Amino acid sequence: MGLEEHLPAGVALTSIEKMLGLARKHSQWPVTMGLACCAIEMMATASPRFDMARFGLEVFRASPRHADLMIVSGRLSHKMAPIVRRVYDSMPEPKWVISMGACASSGGMFNNYAIVQGVDHIVPVDVYLPGCPPRPEALIHAVLTLREQIANEPLGVHRREIARKAEQAALAATPTHQMKGLLA
């Protein structure tokens, strides 16, 4: 009767990984990477009408060393690709990338020698944002989608490999009759 244990009021139990995931989820600092017309929509997202400050993203960093989120907005030319990669490499870990617009995601209507056919050829992309150009509301939705991914990511240097292996294991555990429905 008096053997059960009671926690004092105001005590919460969680893991360090969940607590750090919550902190990382709500503290993105984006770097300015506006390449073309989608950058105007990205700038509009920070305006009072859409108020990205509600999510703590009101200040776009000018230095990649102070940022952990790269929003690549617009078409990426082959001349600009090494610079985008250098900016990405200068960002501290953990870092995330949103590919904003059809041109950044797949080259868009520019299927020619001058434009990279998807920014994922240069940097790893976490969230793809379609549209030409996507609306500011869509960018806010992409940021919220990224935040949900960040909250569930494992900690450590090899977090992408761990997440990929977990996805492959889940896919391998799926029965083949369900796989046919997924691939169709």
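Reading the values: the criteria
Residues numbered from 1 in each chain as written. Predicted model: local features only at pLDDT ≥ 70, side-chain atom pairs only at ≥ 80, totals over all residues. Heavy atoms only, no water. Helix = DSSP H or I, 4+ residues; strand = E, 2+ residues; numbered from the N terminus. Buried < 20%, exposed > 50% of the residue type's maximum accessible area, 1.4 Å probe, protein only. Contact = heavy atoms within 4.5 Å. Salt bridge = Lys/Arg side-chain N within 4 Å of Asp/Glu carboxyl O. UniProt positions renumbered as here; feature names shortened; annotations may be inferred. Pairing = 2+ DSSP bridges. Right-handed = clockwise from strand over helix to strand, strands pointing away. Axes fitted to C-alpha atoms, helices over the stretch in contact; angles between N-to-C directions. Parallel < 35°, antiparallel > 145°, perpendicular 65-115°, else oblique. Left-handed = near helix turned anticlockwise from the far one by under 90°. Nonpolar A, V, L, I, M, F, W, Y, C, P; charged D, E, K, R; others polar.

This brings us to the overall build of the protein chain. Counting its secondary structure elements, the protein chain contains seven helices and four strands. For the protein chain, the proportion of its 184 residues judged to be buried stands at 36%. For the protein chain, long-range pairs separated by at least 24 residues make up 78% of all intrachain contacts whose partners lie at least 6 apart in sequence.

What follows deals with the pattern of salt bridges. One side chain can pair with another of opposite charge once the charged atoms of both are near each other. Scanning the entire structure with this criterion turns up three salt bridges. Across the pair lysine 95 and glutamate 93 runs a salt bridge whose closest N-O atoms are separated by 4.0 Å.

Turning our attention to the UniProt feature "binding site: [4Fe-4S] cluster" (unreviewed entry) in the protein chain. This chain's UniProt record puts "binding site: [4Fe-4S] cluster" (unreviewed entry) on Cys37, Cys38, Cys103 and Cys132. Spatial clustering of the annotated residues is evident: they stretch over 96 residues in sequence, but the largest pairwise C-alpha distance comes to 9.9 Å. Residue placement: cysteine 37 occurs in the loop between strand 1 (30–31) and helix 2 (38–45). Overall, cysteine 37 belongs to the partly exposed group, its relative accessible area being 43%. Relative to the helices and strands, cysteine 38 resides in helix 2. In this structure cysteine 38 touches Ser73, Gly74, Met100, Gly101, Pro133 and Pro134, once residues within four positions along its chain are discounted.

We now examine the pairing of strand 2 (residues 69–73). Burial of strand 2 is extensive: five of the five residues sit out of reach of the surface. Bridge count for strand 1 against strand 2 is two bridges, and the pairing is parallel. Across the sheet, the residue bridging to valine 31 is methionine 70, located in strand 2. What joins strand 1 to strand 2 is helix 2, and the crossover it makes is left-handed. As defined by bridge partners, strand 2 adjoins strand 3 (residues 96–100) across five bridges and the pair is classed as parallel. In the strand pairing of strand 3, leucine 69 is matched with tryptophan 96. Considered for its hand, the β-α-β crossover made up of strand 2, helix 3 (residues 81–90) and strand 3 is right-handed.

A few words now on the packing of helix 1 (residues 16–25) against helix 5 (residues 136–151). Running from amino to carboxyl end, helix 1 crosses helix 5 at an angle of 160°, the nearest separation of the two axes being 8 Å. Judged by the inter-axis angle, helix 1 sits roughly antiparallel to helix 5. In the packing of helix 1 onto helix 5, the handedness of the crossing is right-handed. Each of Gly21, Arg24 and Lys25 in helix 1 lies in contact with helix 5, whose residues at this interface are Arg147, Glu148, Ile150 and Ala151. Here the contact of helix 1 with helix 5 is composed, by residue class, of two nonpolar, one polar and four charged.

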